[in-house]
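Each chain, letter by letter, is given below.
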Amino acid sequence: MSNPEAIKLPRTSESENLKKIRHTTSHVMAMAVQKLYPNAQVTIGPWTETGFYYDFDLPEPLTEKDLKSIKKEMVKIIKKKSPVIREVVTREEAQTRIKNINEPYKLEILDSIKDDTITIYHLADQWWDLCAGPHLESTGELNPKAIALESVAGAYWRGDANNQQLQRVYGTAWETPEQLVEYKRRKEEAKKRDHRKLGKELGLFIFSDPVGPGLPLWTPKGTIIRSTLEDFLKQEQIKRGYLPVVTPHIGRVDLFKTSGHWQNYKEDMFPMMAENAEEAEKEMGFVLKPMNCPFHIQIYKSELRSYRDLPMRLAEFGTVYRYEQSGELGGLTRVRGFTVDDSHLFVTPDQLESEFFNVVDLILSVFKSLQLKNFKARLSFRDPQSDKYIGGDDVWDKAQNAIRNAVQHLDMDYFEATGEAAFYGPKLDFIFQDALEREWQLGTVQVDYNLPERFDLEYTAGDCTRQRPIMIHRAPFGSLERLIGILIEEYAGDFPLWLAPIQARLIAVNDEFLGYAQDICNKMLALGIRVEVDKSGERLGKMIRNAEKQKIPIMAVVGANEVEANTLSIRTRTSGDLGAIPVAEVIDKMTSAIENHGNF
């Protein structure tokens, strides 16, 4: 049997061969669908990082049973070892061929291709589609045992709910059957770790239809985790000279017009609230804030600052609201209301580099405390061909060079991603790879020359001239909701001692010893340890199993021997049965471990 740890699962973007395999497999699947369902219209069929999908316009909905029939047809096509032929044609020729086979979606795709050199890929002379490639030379190079069709989902043409609803078939393809087996194993493990499932089982948060989708409600246990994370970061920030602020949840539209959010981010904002139709017509209402930065800017701007006041580091756990489409919502990782550990630093040009380094140091310190080790830096830069960004080339070049120089100076593992910048500035994003090698974006740092310009921010320099500060936007967590969702899955619900909602449970062998257990519980509570006594009256074995099921880090059993010796019989989730330990020593070890973010 293969060792899962020895099997690497590269992403499509990391492997040119996988890209060819998945492109080719998606075409084989589309051909199989059209063989089985002659009226099917094909639309787009791109690769994803773990596989591929194809969207079809079909008269009848596909089922999981249909996927088996499609896979069988795919195997037949693969066994024919048909050559995959690349052909370059003119736009006019492509148009003629598409009209001849009556594929209207292909015509729309053709219209969206800017290059006049059109490439078509054929599977022998049986089937073809518009595609940029790359592909294998023959279907015979595919291994049917390394291919799986996974699911069917609905999808709108061009992602627009006003367009035709299509059926999306997801699949995956690998170089070897062993990779497919490992991929399926990880998918099953991911289901067990799913934060939506574990969050419900552990009683951390809920979603309520009457409240609305994408709006989590935090239970007492989940709120303890949130509060613990907030307190931890607030203490770290105070040590590093951050100043706490609080800002409202709504603001005038004009504020976001100045920042550029209204013009560039409007579709992700909740609709404007106006007092009457006339004000609505003039766009003079209020909006729920999608970002905290314009509010922090107003605090900075409330009085003229001197260079002696800088750097100014304003920090807030600010809740923001984004009108995410319902189909894009996903548990805690994609919600409509979330709290950002936001800070905005106003710095002079001379301070930019050192402040940037200090922010990165804070983020790395946070990751260490959270036991997150496997991450890399993504330099999220603008796409010069896009018109979604504000500001001139000179300020973008300065900001991007500042980030690039910083990560090079820090000798960080990084890669550049064109087109991933915020509309007002480039970012350094920390991409974390979890236990299942899935990637998540956590902390972020942004260098911004644009918003200080748009809001006309100034400070008085040493020579008494008025100068423009530079802004650094930073969020080590990213958002509390997303972070907690990721941590639930990374820890599989088994939170480290300092973060666990209930850190210890005292279990009395019988009711005779409940008083002793309660006395110890009270002492621990007074020291800030989150502890409780099991008063269920269940059998000892069941009480221990219940504590394990609820993933409580420390279980302390109390019986006659423990009362007589003033000890606790300790069992931890990390080290197992530790035997009888004096009460004072247990308390000392617990408080020390919690304070240092370690284990008992």
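Going by the structure above, here's the rest.
Within each chain, residues carry numbers counting from 1 in the order of the written sequence. Side-chain atom pairs in this predicted model are given and counted only at pLDDT of 80 or more, local residue features only at pLDDT of at least 70, and totals for whole chains, interfaces and linings cover all residues. In computing side-chain properties, one takes all heavy atoms of the structure into account and sets aside hydrogens as well as water.

Draft legend 1. A look at the packing of helix 3 (residues 91–100) against helix 4 (residues 104–112). Think of each axis as a best-fit line through the C-alpha atoms, taken over the contacting stretch in the case of a helix, with angles from 0 to 180 degrees between the N-to-C directions. Strands here are runs of E lasting at least two residues and helices are runs of H or I lasting at least four, both read from the DSSP assignment and numbered beginning at the N terminus. Between helix 3 and helix 4, the least distance of the axes is 9 Å, while the angle of their chain directions is 165 degrees. With respect to helix 4, the axis of helix 3 lies roughly antiparallel. With respect to the hand of their crossing, helix 3 and helix 4 are arranged in left-handed fashion. Along its contact with helix 3, which presents Arg-91, Ala-94, Gln-95, Ile-98 and Lys-99, the element helix 4 presents Lys-106, Leu-107, Leu-110 and Asp-111. Throughout, the ten residues Ala, Val, Leu, Ile, Met, Phe, Trp, Tyr, Cys and Pro are labelled nonpolar, Asp, Glu, Lys and Arg are labelled charged, and all others, Gly among them, are labelled polar. For the contact of helix 3 with helix 4, the residue count by class is four nonpolar, one polar and four charged. Geometric relationships in this document are graded by angle, where less than 35 degrees denotes roughly parallel, more than 145 denotes roughly antiparallel, 65 to 115 denotes roughly perpendicular, and other angles denote oblique. Less than a right angle of anticlockwise turn of the near helix away from the far helix marks a crossing as left-handed, whereas a clockwise turn marks it as right-handed. Residue contacts follow a heavy-atom distance rule, with two residues in contact if any of their heavy atoms lie within 4.5 Å.

Draft legend 2. How the structure looks around the environment of Leu-130. Checked against the element boundaries, Leu-130 lands in strand 5 (residues 127–130). Separated by 438 residues in the primary sequence, Leu-130 and Leu-568 place their C-alpha atoms 71 Å from one another. Not counting chain neighbours up to four residues away, the residues in contact with Leu-130 comprise Ile-98, Lys-106, Ile-109, Leu-110, Ile-118, Thr-119 and Ile-120.

Draft legend 3. Here's a closer look at the pairing of strand 14 (residues 312–321). Burial classification: accessible surface area is computed with a 1.4 Å probe over protein chains only, and a residue below 20% of its type maximum counts as buried, one above 50% as exposed, and the rest as partly exposed. Most of strand 14 is tucked away: nine of the 10 residues are buried. With two bridges joining them, strand 10 (residues 243–244) and strand 14 adopt parallel strand pairing. Within strand 14, the position partnered with Leu-243 by the bridge is Leu-314. The pairing of strand 14 with strand 15 (residues 337–347) spans 10 bridges and is classified as antiparallel. Across the sheet, residue Glu-316 finds its bridge partner in strand 15, namely Asp-342. The pairing criterion for strands is at least two bridges between them, as found by DSSP.

Draft legend 4. Broad picture of helix 5 (residues 177–193). When the terminal C-alpha atoms of helix 5 are compared, their 24 Å separation across 17 residues agrees well with the 24 Å that a helix rising 1.5 Å per residue should span. Regarding helix 5, the residues found buried are Gln-179, Leu-180, Glu-182, Tyr-183, Arg-186, Ala-190 and Arg-193. With its buried residues spanning 165 degrees around the axis, helix 5 presents them on a single face. The outward face of helix 5, more than 90 degrees from its buried face, is lined by the exposed residues Val-181, Lys-191 and Lys-192. Elements in contact with the buried residues of helix 5: strand 6 (147–156), strand 7 (165–173), helix 6 (195–201) and helix 15 (480–490). Multiplying 1.5 Å by the helix residue count minus one yields the expected span of that helix. Relevant arc is that of directions from the helix axis to the C-beta atoms, nothing else.

Draft legend 5. Structural detail: the sheet that holds strand 19 (residues 439–448). The sheet built from eight strands is open, its strands ordered 10-14-15-22-19-18-16-17 with mixed pairing. Bordering the open sheet on either side are strand 10 and strand 17 (414–418), each of which pairs with just one other strand. One ladder, built from five bridges, connects strand 16 (residues 375–381) with strand 17; its direction is parallel. Within strand 17, the position partnered with Leu-379 by the bridge is Glu-416. With respect to the sheet, helix 7 (residues 220–239) is in contact with strand 14, strand 15 and strand 22 (470–475), its orientation differing from that of strand 14 by roughly 160 degrees. Lying on the sheet, helix 13 (residues 393–409) is in contact with strand 16, strand 17, strand 18 (427–433) and strand 19; it crosses strand 16 at an angle near 160 degrees.

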